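Each chain, letter by letter, is given below.
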Amino acid sequence: MRDFKKFEVWQLSHQLTLKIYASTRSFPKEEVFGLTSQIRRSFASIGYNISEGSGRNSDKEFANFINIALGSSNEAENQLILAKDLGYINEDDYLIFLDELTTLKKKLVTLWNRLKAN
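So, a few notes on the structure that sits alongside this text.

Conventions adopted
- Residues numbered from 1 in each chain as written.
- Predicted model: local features only at pLDDT ≥ 70, side-chain atom pairs only at ≥ 80, totals over all residues.
- Heavy atoms only, no water.
- Helix = DSSP H or I, 4+ residues; strand = E, 2+ residues; numbered from the N terminus.
- Rg over C-alpha atoms; globule rule 2.2 N^0.38 Å.
- Buried < 20%, exposed > 50% of the residue type's maximum accessible area, 1.4 Å probe, protein only.
- Expected span 1.5 Å × (residues − 1).
- Arc of directions from axis to C-beta.
- Contact = heavy atoms within 4.5 Å.
- Lys, Arg positive; Asp, Glu negative; His and termini not counted.
- Salt bridge = Lys/Arg side-chain N within 4 Å of Asp/Glu carboxyl O.
- Phe/Tyr/Trp six-rings, centres within 6.5 Å; stacked < 30°, edge-to-face > 60°.
- Lys NZ or Arg CZ within 6 Å of the ring centre and 35° of its normal.

**Structural notes on the overall build of the chain**
The helix and strand inventory of the chain stands at four helices and zero strands. Going residue by residue from the N terminus, the α and β elements of the chain occur as α-α-α-α. For 118 residues, the compact-globule estimate of 2.2 N^0.38 gives 13 Å, and the C-alpha radius of gyration of the chain, at 15 Å, lies within 12% of that figure. For the C-alpha atoms alone, the extent of the chain along its principal axes is close to 45 × 25 × 20 Å. Out of the 118 residues belonging to the chain, those deemed buried represent 40%.

Shown next, in the form of structure tokens:
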């Protein structure tokens, strides 16, 4: 049985999700059920899928959940762009989030490839 908390991709995902939650506290109140909720869910979904996949019985099943986490990371990137373009996140914060998300995506792809090879 794998401990998801030991995976660097989960740790990075978790830290990034915490930062997104903090950042979105300043989003307009009318976005509470819109972009605020959606961006939080997409970032959190990355870690959810890593943790769920780590509990599966095979590397093939785990790889599938890593692939889903990668899809969530693309959704999160799209929402980051939207938040920046709407002026809810400033350019500097956007670039920091994007850099961290890009690093996470690269590490997800590396893990996915490793799992597929087994």
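From this point, the narrative continues.
**Notes on helix H1 (residues 8–24)**
For H1, built from 17 residues, the straight-helix expectation of 24 Å at 1.5 Å per residue is met to within 8% by its first-to-last C-alpha distance of 24 Å. For H1, the set of buried residues is Val 9, Trp 10, Ser 13, Leu 16, Thr 17, Ile 20, Ser 23 and Thr 24. Angularly, the buried residues of H1 cover 145° about the axis, an arc narrow enough to put them on a single face. Against helix H2 (35–54), helix H3 (59–85) and helix H4 (91–117) lie the buried residues of H1.

**Structural notes on the side chain of Glu 31**
Among the structural elements, Glu 31 can be located in the loop between H1 and H2. Here Glu 31 is buried and forms no salt bridge, its nearest opposite-charge partner Arg 41 lying at an N-O distance of 10 Å. When residues no more than four places from it in sequence are discounted, the contact partners of Glu 31 are Thr 36, Ser 37 and Tyr 88.

**Here we look at the side chain of Thr 17**
Note that Thr 17 resides in helix H1. Apart from residues no more than four positions distant in its own chain, Thr 17 is found in contact with Phe 43 and Ala 44.

**As for the packing of aromatic side chains**
Across all of its chains, the model carries three aromatic pairs by this definition. Taking 5.2 Å as the distance between ring centres and 45° as the angle between the ring planes, the aromatic pair formed by Phe 27 and Tyr 88 counts as tilted. Taken together, the positions of Phe 27 in the loop between H1 and H2 and Tyr 88 in the loop between H3 and H4 put the pair 61 residues apart, joining distant regions of the chain. One cation-aromatic arrangement involves Lys 5 over Phe 4; the distance from NZ or CZ to the ring centre is 4.9 Å. Residue placement shows Lys 84 over the ring face of Tyr 94; its charged tip is 5.0 Å from the ring centre.

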